[in-house]
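So the chains spell out like this:
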Amino acid sequence: MMNETSPPVFPEPGAPVPDFDMEASHDRHVSLSALRGKPFVLYFYPKANTSGCTKEACGFQEALSDLGKEDGITVIGVSRDAMPAIEKFADAQNLSFPLASDATGAVTEAYGVWIEKSMYGRTYMGIERATFLVDAQGRLVQAWRKVKVTGHVAAVMKAVHALRAGK
(Lines give C-alpha, C1' and ligand atoms only; values in the text may rest on other atoms or scores of the structure.)
Protein backbone atom coordinates (compact mmCIF):
# COMPACT_ATOMS: atom_id res chain seq x y z
CA MET A 1 0.00 0.00 0.00
CA MET A 2 1.30 3.45 -0.93
CA ASN A 3 1.30 6.25 1.60
CA GLU A 4 0.87 9.93 0.71
CA THR A 5 4.59 10.60 0.31
CA SER A 6 5.43 7.54 -1.79
CA PRO A 7 6.00 8.35 -5.44
CA PRO A 8 3.87 6.46 -7.95
CA VAL A 9 5.38 3.30 -9.33
CA PHE A 10 7.16 4.33 -12.51
CA PRO A 11 7.12 2.10 -15.60
CA GLU A 12 9.80 -0.50 -16.08
CA PRO A 13 12.15 -0.22 -19.06
CA GLY A 14 10.22 -0.96 -22.24
CA ALA A 15 6.94 0.47 -20.91
CA PRO A 16 5.43 3.71 -22.28
CA VAL A 17 6.29 6.87 -20.36
CA PRO A 18 3.58 9.24 -19.10
CA ASP A 19 2.31 11.87 -21.52
CA PHE A 20 3.40 15.50 -21.17
CA ASP A 21 2.71 18.82 -22.83
CA MET A 22 4.48 21.92 -21.44
CA GLU A 23 5.50 25.45 -22.28
CA ALA A 24 9.29 25.75 -22.65
CA SER A 25 12.02 28.36 -22.86
CA HIS A 26 12.46 30.66 -25.87
CA ASP A 27 8.79 30.43 -26.90
CA ARG A 28 8.92 26.67 -27.41
CA HIS A 29 6.52 23.93 -26.50
CA VAL A 30 7.43 20.31 -25.69
CA SER A 31 5.15 17.29 -25.76
CA LEU A 32 5.42 13.54 -25.97
CA SER A 33 3.36 13.53 -29.17
CA ALA A 34 5.70 16.02 -30.88
CA LEU A 35 8.69 13.84 -29.96
CA ARG A 36 7.26 10.61 -31.43
CA GLY A 37 9.84 9.04 -33.70
CA LYS A 38 12.76 10.67 -31.84
CA PRO A 39 14.57 9.46 -28.72
CA PHE A 40 14.93 12.04 -25.94
CA VAL A 41 16.26 12.74 -22.47
CA LEU A 42 13.81 14.24 -20.00
CA TYR A 43 15.52 15.43 -16.85
CA PHE A 44 13.93 16.96 -13.77
CA TYR A 45 15.74 19.54 -11.66
CA PRO A 46 14.59 21.18 -8.42
CA LYS A 47 15.09 24.91 -9.07
CA ALA A 48 16.54 27.20 -11.72
CA ASN A 49 19.70 29.15 -10.92
CA THR A 50 20.83 26.97 -8.03
CA SER A 51 24.35 25.57 -8.03
CA GLY A 52 23.53 21.88 -8.63
CA CYS A 53 20.91 22.64 -11.26
CA THR A 54 23.28 25.02 -13.04
CA LYS A 55 26.07 22.42 -13.06
CA GLU A 56 23.70 19.76 -14.42
CA ALA A 57 22.23 22.03 -17.12
CA CYS A 58 25.69 23.16 -18.24
CA GLY A 59 26.78 19.51 -18.40
CA PHE A 60 23.90 18.68 -20.73
CA GLN A 61 24.63 21.80 -22.79
CA GLU A 62 28.27 20.74 -23.21
CA ALA A 63 27.16 17.23 -24.29
CA LEU A 64 24.47 18.55 -26.62
CA SER A 65 26.53 18.55 -29.80
CA ASP A 66 27.33 14.87 -29.30
CA LEU A 67 23.85 13.92 -28.12
CA GLY A 68 21.99 15.93 -30.74
CA LYS A 69 24.10 15.58 -33.85
CA GLU A 70 25.61 12.14 -33.40
CA ASP A 71 22.80 10.44 -31.54
CA GLY A 72 19.72 12.45 -32.57
CA ILE A 73 18.71 12.95 -28.95
CA THR A 74 16.62 15.89 -27.76
CA VAL A 75 17.33 17.04 -24.19
CA ILE A 76 14.57 18.66 -22.15
CA GLY A 77 14.92 20.00 -18.60
CA VAL A 78 11.82 20.24 -16.40
CA SER A 79 11.12 22.12 -13.17
CA ARG A 80 8.09 23.66 -11.50
CA ASP A 81 9.57 27.13 -11.88
CA ALA A 82 7.50 29.77 -13.66
CA MET A 83 8.55 30.73 -17.19
CA PRO A 84 10.23 34.06 -16.23
CA ALA A 85 12.64 32.21 -13.89
CA ILE A 86 13.24 29.51 -16.50
CA GLU A 87 13.92 32.10 -19.23
CA LYS A 88 16.36 33.96 -16.97
CA PHE A 89 18.17 30.68 -16.16
CA ALA A 90 18.33 29.60 -19.84
CA ASP A 91 19.66 33.00 -20.90
CA ALA A 92 22.19 33.29 -18.06
CA GLN A 93 23.66 29.86 -18.86
CA ASN A 94 23.30 30.10 -22.68
CA LEU A 95 21.21 26.93 -22.75
CA SER A 96 20.02 26.06 -26.24
CA PHE A 97 17.88 23.06 -25.29
CA PRO A 98 14.33 23.59 -23.98
CA LEU A 99 13.67 24.07 -20.29
CA ALA A 100 10.02 23.31 -19.61
CA SER A 101 7.75 24.68 -16.91
CA ASP A 102 5.56 22.13 -15.14
CA ALA A 103 3.57 24.89 -13.46
CA THR A 104 0.63 22.61 -12.64
CA GLY A 105 2.84 19.84 -11.25
CA ALA A 106 1.08 17.21 -13.37
CA VAL A 107 4.25 16.02 -15.10
CA THR A 108 6.45 15.86 -12.00
CA GLU A 109 3.73 13.85 -10.28
CA ALA A 110 3.19 11.54 -13.28
CA TYR A 111 6.92 10.80 -13.40
CA GLY A 112 7.05 10.22 -9.64
CA VAL A 113 9.61 12.93 -8.95
CA TRP A 114 7.46 15.15 -6.70
CA ILE A 115 8.53 13.74 -3.36
CA GLU A 116 8.84 14.55 0.31
CA LYS A 117 12.31 15.89 1.07
CA SER A 118 13.98 17.07 4.23
CA MET A 119 16.66 19.60 5.03
CA TYR A 120 17.84 20.73 8.43
CA GLY A 121 15.05 18.77 10.09
CA ARG A 122 12.31 20.39 8.00
CA THR A 123 10.25 18.30 5.61
CA TYR A 124 8.75 19.72 2.44
CA MET A 125 7.66 18.63 -1.02
CA GLY A 126 10.10 19.11 -3.89
CA ILE A 127 11.45 17.69 -7.11
CA GLU A 128 13.75 14.71 -6.92
CA ARG A 129 16.62 15.17 -9.38
CA ALA A 130 15.94 12.44 -11.94
CA THR A 131 16.57 11.68 -15.61
CA PHE A 132 14.66 9.49 -18.06
CA LEU A 133 16.00 8.21 -21.39
CA VAL A 134 13.09 7.51 -23.74
CA ASP A 135 13.24 5.74 -27.12
CA ALA A 136 11.68 6.89 -30.39
CA GLN A 137 8.46 4.98 -29.60
CA GLY A 138 7.99 6.76 -26.26
CA ARG A 139 9.14 3.81 -24.14
CA LEU A 140 11.42 4.07 -21.14
CA VAL A 141 14.97 2.92 -21.85
CA GLN A 142 16.54 3.85 -18.52
CA ALA A 143 15.73 5.93 -15.45
CA TRP A 144 18.16 7.56 -13.05
CA ARG A 145 16.62 8.48 -9.70
CA LYS A 146 18.18 10.48 -6.85
CA VAL A 147 20.79 11.78 -9.28
CA LYS A 148 24.14 13.08 -8.07
CA VAL A 149 25.23 15.74 -10.56
CA THR A 150 28.92 14.80 -10.79
CA GLY A 151 29.38 12.20 -13.53
CA HIS A 152 25.67 12.03 -14.34
CA VAL A 153 25.77 13.43 -17.88
CA ALA A 154 28.55 10.97 -18.75
CA ALA A 155 26.36 8.09 -17.52
CA VAL A 156 23.44 9.33 -19.62
CA MET A 157 25.70 9.68 -22.68
CA LYS A 158 26.91 6.09 -22.23
CA ALA A 159 23.30 4.85 -22.19
CA VAL A 160 22.47 6.99 -25.25
CA HIS A 161 25.41 5.51 -27.17
CA ALA A 162 24.26 2.01 -26.17
CA LEU A 163 20.74 2.85 -27.42
CA ARG A 164 22.15 4.04 -30.72
CA ALA A 165 24.23 0.89 -31.03
CA GLY A 166 21.09 -1.17 -30.39
CA LYS A 167 22.42 -2.73 -27.20
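Rules behind the numbers
Residues numbered from 1 in each chain as written. Predicted model: local features only at pLDDT ≥ 70, side-chain atom pairs only at ≥ 80, totals over all residues. Heavy atoms only, no water. Pairing = 2+ DSSP bridges. Helix = DSSP H or I, 4+ residues; strand = E, 2+ residues; numbered from the N terminus. Axes fitted to C-alpha atoms, helices over the stretch in contact; angles between N-to-C directions. Core = buried A, V, L, I, M, F, W, Y, C linked by side-chain atoms within 4.5 Å. Buried < 20%, exposed > 50% of the residue type's maximum accessible area, 1.4 Å probe, protein only. Contact = heavy atoms within 4.5 Å.

## Examining the sheet that holds strand S9 (residues 140-144)
Phase 1: One open sheet accounts for seven strands, arranged S2-S1-S5-S4-S3-S8-S9; its pairing is mixed. Sheet topology places strand S2 (28-31) and S9 at the edges, where each strand pairs with a single neighbour. Between one strand and the next, the sheet's axes are offset by a mean angle of 30 degrees, whatever the strand orientation.
Phase 2: Note that strand S1 (residues 21-24) and strand S5 (residues 99-101) share two bridges and pair antiparallel.

## Remarks on the nonpolar core
Phase 1: Phe-60, Phe-97 and Leu-99 are the most contacted members of the largest nonpolar core, which totals 27 residues.
Phase 2: Of all the elements in the fold, those that place two or more residues in this core are strand S3 (40-44), helix H2 (51-70), helix H3 (83-92) and helix H5 (152-164).
Phase 3: Considering every element that reaches this core, the biggest residue donor is H2, with six residues.
Phase 4: What Leu-99 contacts, discounting residues up to four positions off in sequence, is Glu-23, Ala-24, Ser-25, Tyr-43, Tyr-45, Gly-77, Met-83, Ile-86, Phe-89 and Ala-90.
Phase 5: Membership of the second largest hydrophobic core comes to 22 residues, among which are Phe-20, Phe-40, Leu-42 and Phe-132.

## Notes on the side chain of Thr-54
Phase 1: With respect to the element layout, Thr-54 can be found in helix H2.
Phase 2: Apart from the residues within four sequence positions on either side, Thr-54 is in contact with Asn-49, Phe-89 and Gln-93.

## A short note on the pairing of S1
Phase 1: Residues Met-22 and Ala-24 point to one face of S1 and are all buried, whereas Asp-21 and Glu-23, pointing to the other face, are not buried.
Phase 2: Strand direction decides the pairing type here: S1 and S2, joined by four bridges, are antiparallel. Following the sheet pairing, Glu-23 is matched in S2 by His-29.

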